Amino acid sequence: MARPSALISAMTALALVTAAGCAPGYGKQTESGDGTIGAASSCTSHSLRLSHQWPAARDGDSDFRSQLAEDFAKKVTEETDGEVNIKVFANSTLSKPNDQYDAMLAGSIDGAIMPLDYASGHVPAWSITLMPGLVRSHTEAQEWDEGPMGKAIDQSMLDNGLVRLVHVWNAGGIGSKSAPIVTPEDLPSGTTLRAAGNYVEHMLHEAGAGITSLPSSEIYSAMQTGVLDAAVTSSSSFASYRLEELVKSYVSPTKNTFWFMYEPLALTRSAFEQLCPEQQEILWDVAADLQEQSYADSEADDKRVEKIFADAGVEVTQIDDEAFAKWLPLARKQWDAYSKDVPGGAELMELARKNGHGEQ
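Residues numbered from 1 in each chain as written. Predicted model: local features only at pLDDT ≥ 70, side-chain atom pairs only at ≥ 80, totals over all residues. Heavy atoms only, no water.

Going by the annotation in an unreviewed UniProt entry, the name recorded for the protein chain is 2,3-diketo-L-gulonate-binding periplasmic protein YiaO, with Brevibacterium ravenspurgense given as the source organism. UniProt lists a comment for the protein chain under the heading Sequence similarities (unreviewed entry), and it reads "Belongs to the bacterial solute-binding protein 7 family." (UniProt positions renumbered as here; feature names shortened; annotations may be inferred.)

This is the structure we're talking about:
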């Protein structure tokens, strides 16, 4: 996990020297700053608001992202003896899903677990974190985080006001009110489909789908009222929003998927810099302790959701290697468009492909 590398004693000493101590940041230095994260000179109490769009966690059967938020908040509160109290606002109670980055910039929430691509209207480069076909498996997602791509995204987040604490990825499936959509040829003519991510939407539109953009929390009502025929969303959201009640088929991501979404747990830089070095160090430690759980729970959710849909009588299938290869030409057109249209996109795409992503 990329994180400040100085020991807490060094950080504390630095804080005593200056009015606002600085802990080394992650990533390379940039023209916009020196990559450091500030810290308060003294430790005081703080109450922080952490937002997400999924139903509140419940014992034994929760969306892992909702549970992660609760675990993070609980452990931070315990480890700081209540000095840093994080309150979780689930189910979009403080901010609509697509507005969470705006809410963080405005200071109405202090952090979120949210798809980073939702903020690509502000930072177009972040669309690479929901690029069709670029990340194919949970193993590749973790390699992304631990390699140059992870460092580049961390630095971009920091430059744009966010401190990433826990990496979170979710694989996506395809639910349809008709037959399974395993290849582009399986899309029925006139299908109205929901998919998160601009470049995923462009790819599916080129495959013949009509696209309706809406957050995952609105998929159920849209399918129920006939607005949608099919949807692409995270496997966890398929279960959290009970879509097994409406679809006839479900293409599970347990073999391959063209849809992997990055949705980190992050605090605003301004909120994080209000904390003293000792408090910041505790947050880093809690995040590091939860990182492996985040990876493991995400992968386990794919199988959990597959079983939920099968048990509900939904036809469940997967995308095998041959079927996945049929999506790749459409996906690569979107990589080219991103490289051409997004400032810095060509460099990020080259970095991703140089490290093996999308080169299956």
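Take the packing of aromatic side chains next. Within this structure, the stated rule accounts for 10 aromatic pairs. One aromatic cluster is present, formed by Trp144, Trp169, Phe260 and Tyr262 through successive ring pairs. Lying over the aromatic face of Tyr220, Arg242 brings its terminal NZ or CZ to 5.1 Å of the ring centre. (Phe/Tyr/Trp six-rings, centres within 6.5 Å; stacked < 30°, edge-to-face > 60°. Lys NZ or Arg CZ within 6 Å of the ring centre and 35° of its normal.)

Quick look at the sheet that holds strand 13 (residues 265–268) now. Strand order in the open sheet made by the five strands is 4-3-5-13-6, with mixed pairing throughout. Taken across any chain shown, the strands that pair with only one partner, and hence form the sheet edges, are strand 4 (84–89) and strand 6 (162–166). Averaged over neighbouring strand pairs, the angle between their axes works out to 25° when direction is ignored. Helix 2 (residues 64–79) contacts strand 3 (46–51), strand 4, strand 5 (111–113), strand 6 and strand 13 of the sheet and is inclined by roughly 160° relative to strand 4. Each of strand 6 and strand 13 is contacted by helix 5 (residues 148–159), which is oriented at about 135° to strand 6, the strand it contacts most. (Pairing = 2+ DSSP bridges. Helix = DSSP H or I, 4+ residues; strand = E, 2+ residues; numbered from the N terminus. Axes fitted to C-alpha atoms, helices over the stretch in contact; angles between N-to-C directions. Contact = heavy atoms within 4.5 Å.)

Put plainly, a disulfide is one covalent bond tying together the sulfur atoms of two cysteines. Applying the stated criterion across every chain, the model contains one disulfide. Two residues, Cys43 and Cys276, share a disulfide whose sulfurs are 2.0 Å apart. Taking the sign of the torsion about the S-S bond as the criterion, the disulfide between Cys43 and Cys276, at about 90°, is right-handed. Linking Cys43 in the loop between strand 2 (37–38) and strand 3 with Cys276 in the loop between helix 9 (269–272) and helix 10 (277–311), this pair joins segments that are 233 residues apart in sequence. Note on Cys43: relative accessible area 33%, which makes it partly exposed. Overall, the relative accessible area of 0% leaves Cys276 in the buried class. (Disulfide = S-S within 2.5 Å. Buried < 20%, exposed > 50% of the residue type's maximum accessible area, 1.4 Å probe, protein only.)

Next up on the list: the nonpolar core. In terms of nonpolar packing, the biggest core is built from 61 residues, with Ile128, Trp144, Leu193, Leu204, Phe258 and Tyr338 touching the most fellow members. For this core, the element with the most residues is helix 11 (residues 321–341), which contributes eight residues. Each of domain 1 (46–169 + 261–306) and domain 2 (172–259 + 312–356) gives at least three residues to this core. With residues up to four places along the chain from it excluded, the contact list for Ile128 reads Leu134, Trp144, Met149, Ile153, Tyr338, Leu348 and Met349. (Core = buried A, V, L, I, M, F, W, Y, C linked by side-chain atoms within 4.5 Å. Domains from an automatic or database assignment.)

Size it by volume and the second largest pocket reaches roughly 220 Å³. Asn98, Tyr118, Gly197, Asn198 and Glu201 are, among the 14 residues lining the second largest pocket, the residues nearest its centre. Taken together, the elements giving at least two residues each to the lining of the second largest pocket come down to strand 8 (192–195) and helix 6 (198–206). There are two domains that each give the lining of the second largest pocket at least three residues, and those are domain 1 (46–169 + 261–306) and domain 2 (172–259 + 312–356). (1 Å grid on protein atoms, 1.4 Å probe; cavity = no way out; pocket = protein on both sides within 12 Å on 5 of 7 lines; lining within 4 Å. Points joined across faces, edges and corners; volume = space filled by probe spheres on them.)

The next subject is the side chain of Ser95. Here Ser95 is to be found in the loop between strand 4 and helix 3 (100–106). There is a polar contact of 3.4 Å between the side chain of Ser95 and the backbone nitrogen of Gln100. Excluding anything up to four places from it in sequence, Ser95 contacts Ser51, Gln100 and Ala103. (Polar contact = N/O pair within 3.5 Å; in protein donor to acceptor, adjacent residues only side chain to side chain.)

A separate point is the confidence of the model for the protein chain. A residue-level look at the protein chain finds 88% of positions with pLDDT of 70 or above and a mean pLDDT of 88. Note on residues 1–34: pLDDT is under 50 here. Beyond four places in sequence and across chains, it has 65 contacts. (pLDDT = per-residue confidence, 0-100.)

Remark: helix 11 packs on helix 12 (residues 345–354), axes separated minimally by 7 Å, with the N-to-C direction vectors making an angle of 140°. One element, helix 11, and the other, helix 12, form an angle in the oblique class. Listed contacts from helix 12 to Arg332, Trp335, Tyr338 and Ser339 of helix 11 are Gly345, Ala346, Leu348, Met349 and Arg353. A per-class count over the contact of helix 11 with helix 12 returns five nonpolar, two polar and two charged. (Parallel < 35°, antiparallel > 145°, perpendicular 65-115°, else oblique. Nonpolar A, V, L, I, M, F, W, Y, C, P; charged D, E, K, R; others polar.)

Any two side chains of opposite charge can pair, so long as their charged atoms come close to each other. The final tally for this structure, using the stated rule, is 10 salt bridges. One salt bridge in this structure joins Glu263 and Arg65, with 3.2 Å as the shortest N-O distance. With Glu263 in the loop between strand 12 (260–262) and strand 13 and Arg65 in helix 2, this residue pair connects regions lying 198 residues apart in the sequence. Grouping residues by exposure puts Glu263 and Arg65 together as buried. Among the ionic pairs, Asp311 bridges to Lys307, the shortest N-O distance being 2.7 Å. Of the two residues, Asp311 and Lys307 both sit in helix 10, four residues apart, roughly one turn of that helix. (Salt bridge = Lys/Arg side-chain N within 4 Å of Asp/Glu carboxyl O.)

Further remarks concern unusual backbone geometry. We note that Asp81 has phi near 55°; this positive angle belongs to a residue other than glycine. As for its placement among the helices and strands, Asp81 is situated in the loop between helix 2 and strand 4. If you check the backbone angles, Asn91 has positive phi at about 60° while not being a glycine. Examined against the element boundaries, Asn91 turns out to sit in the loop between strand 4 and helix 3. Asn91 gets classed as partly exposed once you look at its relative accessible area, which sits at 45%.

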